[in-house]
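An overview of the molecular structure
Chain by chain, the residues:
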Amino acid sequence: GSLWKIKRTEFLLIVTAFIAGFLFIRYVEAPKEAFGYVAEPIPVTVSGEVISIKDNASYSNVLLEKTKVIYNDKEHYIDGILLYLSDISSLRIGDVIAASGELSSFMFPRNDGEFNLYNYYKSNGIYYKVYMDDSVFTPRVISVKRFPVSEWLDTMRDRFVKELLEHSYSIKDAGTMSAILLGEKEYLAEDLQENFRISGISHILVVSGLHISLIGMGIFELLKRLMGYTPACIVACVVVVFYVWLTGFGASGQRALIMFVVSMTGNFIGKSYDMSSGIGFALLCMLIKTPYIFLGSGFVLSFLSVLAIGTILPAVEDICKWAFNKKMSGAMSGLAIFWVTLPVVIWNYYEYSLYSLLLNIVIIPCMSVLVILGAGGLFGEIFFGFGEILLKGPVHILLLFFEKMSLFFNEMSVGRILFGKPQIRQILSVYSLLSLIICAYFIIKQLIKRGKRFPAFFEQKKVRRTLALLFIFGVSIIEILILLPKNRSELEITMLDVGQGECTFLEFPTGECILLDAGSTDVKNLYEKRIESFLKARAVDKLDYIIVSHADTDHCSAVEDILQAESKVDVKRLVLPDVNGTDEKLEELSKLAYNKGCVVISLGKGDNIKVGEAVFYCLNPDAEEYYTEDERNDSSIVLHMQYFDFDMLFTGDIGERTERELVAYLKKCEVLKVAHHGSKYSNSQLLLERVCPGLALISCSEDNSYGHPHKETLKRLEAVGCKIMTTAESGAVKIRIGKKIEVYGFVK
């Protein structure tokens, strides 16, 4: 609202800050990634200072800073290395240690929708990981520099968690309160965490700015009357610093701490506190410390929530006051946060539960009570010997209330919208809309200050209330409509990277979706880790067909998870090979499909499936031929897809013998899904010359034990002038068929 009032000195300061930021990234942060992206582990020797130690059930690691890495007799200085090892009993925070192991980067996502582990660690200032074989090497302590405060805080945290475990109503309550009060999630129940995430209230399971402000301001107001302004400010700041340190210095904790200290400094020197300046200063401090922190969703959501309260909330409050003569700050703060954070929430999680607005309106005020009761019960039990009654009484009742409300709405499945991953232009459109609202608010406010009055029509109570409700609901509906997935006008075929396995997804312009195979031998929990997130990113909650080419694990392991009763994907039809024989795995899949309520279709030679404008002609298996379980590969479903002028051949895992039998039925195709992951015993010269594909897709993992794709197969493909793309090199491969055929690899 006051951009035109920027002075020359302020403009120069902004330009200087941008230049300084660029130089900081270029010459300070860039050297920390001295090796670039390291996909294949390299042998190194590292030495650095231990700043944190994690001892979990599945792994143990230490975080090193001020780290020197020696590779090929050259020294590199890299802050932020995560060292994995099995024995950490001899290590303490502050030790400078040396160790040898294999260095690599954290994994980039290989499919759309997959969690970006690389960005997550980079946002925390951690650039590489080193796996150390304790049976060969042991970490050597070079020097000891103890930090009594850090060790005392670790001891206190452990003691607090122990007291919660011993004196809470249950381990589940203790785990939840450990997360809420201390940021410790080791005992947090996974089902509860997932339940809260789906209902949109997972933010209560982290130490948020609300906790810190509540604790800090509570201490300040209490001591202000006893000690005066200056001592109260100092004591409150010290307590908040120790609390944030105790809880692990998370992004929202850092932001709240800086803003609280700015507020207390204002009180100390007699200046008023300005939220915009406070959040701007906090942002600057955190970016200087960890420039890539903006890659973390927690950091972004934390700042956007405060930004919403500082920008959108005043406008909505004034509208409510004008229409209803009430500010309604509690309800309107939830609405403002919803408007500002919705695009980022959808970008990261692909779905939103609209009833979470109601849940947050009810739960956020209760959180203040829960934090006070939980902290009071914990400290009362530790220092005075009583307080257990709070943890087993009111705290348990509140936690049970949160859980039951969340379960109630989740089971109703009301208001859950699957948005998919929005496009950048959709997100920019939402923030342009909100910017226009803010600008309009400031303009109207300035006009009112200058004595301008609304027409008499707007002074009527019913008109004011109607306009206010139209504004509130209208903005919400428009924002949702902007972010909803758009209809696709082209056929998209995606071969997912599932390691050593196969999974192909087809989405038609008419809305039908097909999943052709879904299995892997080296990626555990494939559906949960890769396929589910991919489907959500594509806004897909319904599969018209799941086609299982054959019953080997590398083609159907995830199909079982999709067909489980608790799976949220609606499967209409399951297509299995029509084999004249007994296959226990196929029978098991049939039973799962029956229990889920979907139709089971047996597909054999001569059958076809029509989906939209596409026809799938089945060339194999022959229903009259007997196949044993050992002959699963040759009993694979082979499909020739014809979509206008585009043809593609899906070959399952058939071998050379079956290929010879099919040659007479094969036609030229633009794309070939290479059989058996590129095995040398498949994809014969005879088949390739008959099909003559322009593009060959191979699904396999890097460095697999089978040697896929085999060199002989690659030579045969190259001999017919075929372009080859593998999931091992390109990640997921997407083909878009419209006016022209476009091919993309997910890994650039």
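Details of the structure are given in the entry above.
As the structure is a prediction and not an experimental result, all values here were calculated from the model.

Considering the sheet that holds strand S12 (residues 513-520)
If you walk across this open sheet you meet the 8 strands as S15-S14-S13-S12-S11-S10-S23-S24, and the pairing is mixed. The strands lining the two open edges of the sheet, one partner per strand, are strand S15 (599-603) and strand S24 (741-745). Between one strand and the next, the sheet's axes are offset by a mean angle of 20 degrees, whatever the strand orientation. Note that strand S11 (residues 501-507) and S12 share 7 bridges and pair antiparallel. Across the sheet, the residue bridging to leucine 506 is isoleucine 514, located in S12. Set on the sheet, helix H17 (residues 526-537) makes contact with strand S10 (491-495), S11 and S12; between it and S12 the angle comes to about 160 degrees.

Focus: a negative patch on the surface
On the surface, Glu190, Asp191, Glu528, Asp561 and Glu566 cluster together into a negatively charged patch. With respect to the helices and strands, the residue aspartate 191 is situated in helix H5 (residues 190-198).

Let's talk about the packing of aromatic side chains
Considering all chains together, one arrives at 23 aromatic pairs under this definition. Geometrically, the ring pair formed by phenylalanine 508 and tyrosine 643 is edge-to-face, given 6.4 Å between the ring centres and 65 degrees between the ring planes. Taken together, the residues phenylalanine 508 in the loop between S11 and S12 and tyrosine 643 in strand S18 (residues 638-643) connect sequence positions 135 residues apart. We note that phenylalanine 508, like tyrosine 643, is buried.

Digging into the sheet that holds strand S16 (residues 608-611)
One key point about sheets: their strands pair by backbone hydrogen bonds, in either a parallel or an antiparallel sense. With mixed pairing, the 7 strands of this open sheet are ordered in space as S16-S17-S18-S19-S20-S21-S22. The open sheet is flanked by S16 and strand S22 (723-726), the only strands paired with a single partner. Geometrically, the sheet is characterised by an average inter-axis angle of 20 degrees between neighbouring strands, direction not taken into account.

A closer look at helix H14 (residues 394-412)
In this model, H14 (19 residues) spans 27 Å end to end at C-alpha, consistent with the 27 Å of a helix rising 1.5 Å per residue. Listing the buried residues of H14 in full gives Val395, His396, Leu398, Leu399, Phe402, Glu403, Met405, Ser406, Phe409 and Asn410. Those residues of H14 that are buried lie in contact with helix H4 (171-182), H5, helix H12 (356-384) and helix H13 (388-392).

Things to note about the pattern of salt bridges
By the definition in use, this model includes 27 salt bridges. Here lysine 66 ties to glutamate 49 by a salt bridge, and the two come within 3.8 Å at their closest N and O atoms. With lysine 66 in strand S2 (residues 60-71) and glutamate 49 in strand S1 (residues 42-55), this residue pair connects regions lying 17 residues apart in the sequence. Linking glutamate 403 and lysine 172 is a salt bridge whose minimum nitrogen-to-oxygen distance equals 2.7 Å. Note that glutamate 403 is positioned in helix H14 and lysine 172 in helix H4, a separation of 231 residues in sequence. For glutamate 403, a relative accessible area of 16% puts it in the buried group.

With respect to empty space enclosed by the protein
Within this structure, the stated rule accounts for 3 cavities of 30 Å³ or more. Roughly 80 Å³ of volume is contained in the largest cavity. Arg416, Leu418, Tyr527, Glu532, Leu535, Lys536, Val540, Asp541, Lys568 and Val569 are the residues that line the largest cavity. Where the lining of the largest cavity is concerned, the elements lending two or more residues are strand S9 (416-418) and H17. Counting residues per element, the lining of the largest cavity draws most heavily on H17, which supplies 4 residues. Its residues assigned to classes, the lining of the largest cavity comprises 5 nonpolar, no polar and 5 charged.

Conventions used here
- Residues numbered from 1 in each chain as written.
- Predicted model: local features only at pLDDT ≥ 70, side-chain atom pairs only at ≥ 80, totals over all residues.
- Heavy atoms only, no water.
- Pairing = 2+ DSSP bridges.
- Helix = DSSP H or I, 4+ residues; strand = E, 2+ residues; numbered from the N terminus.
- Axes fitted to C-alpha atoms, helices over the stretch in contact; angles between N-to-C directions.
- Contact = heavy atoms within 4.5 Å.
- Patch = residues over 30% accessible without salt bridge, like charges linked within 9 Å, V, L, I, M, F, W, Y side chains within 5 Å.
- Areas by Shrake-Rupley, 256 points an atom, 1.4 Å probe, with all protein chains shown as cover.
- Salt bridge = Lys/Arg side-chain N within 4 Å of Asp/Glu carboxyl O.
- Lys, Arg positive; Asp, Glu negative; His and termini not counted.
- Charge placed at Lys NZ, Arg CZ, Asp CG, Glu CD.
- Phe/Tyr/Trp six-rings, centres within 6.5 Å; stacked < 30°, edge-to-face > 60°.
- Buried < 20%, exposed > 50% of the residue type's maximum accessible area, 1.4 Å probe, protein only.
- Expected span 1.5 Å × (residues − 1).
- 1 Å grid on protein atoms, 1.4 Å probe; cavity = no way out; pocket = protein on both sides within 12 Å on 5 of 7 lines; lining within 4 Å.
- Points joined across faces, edges and corners; volume = space filled by probe spheres on them.
- Nonpolar A, V, L, I, M, F, W, Y, C, P; charged D, E, K, R; others polar.

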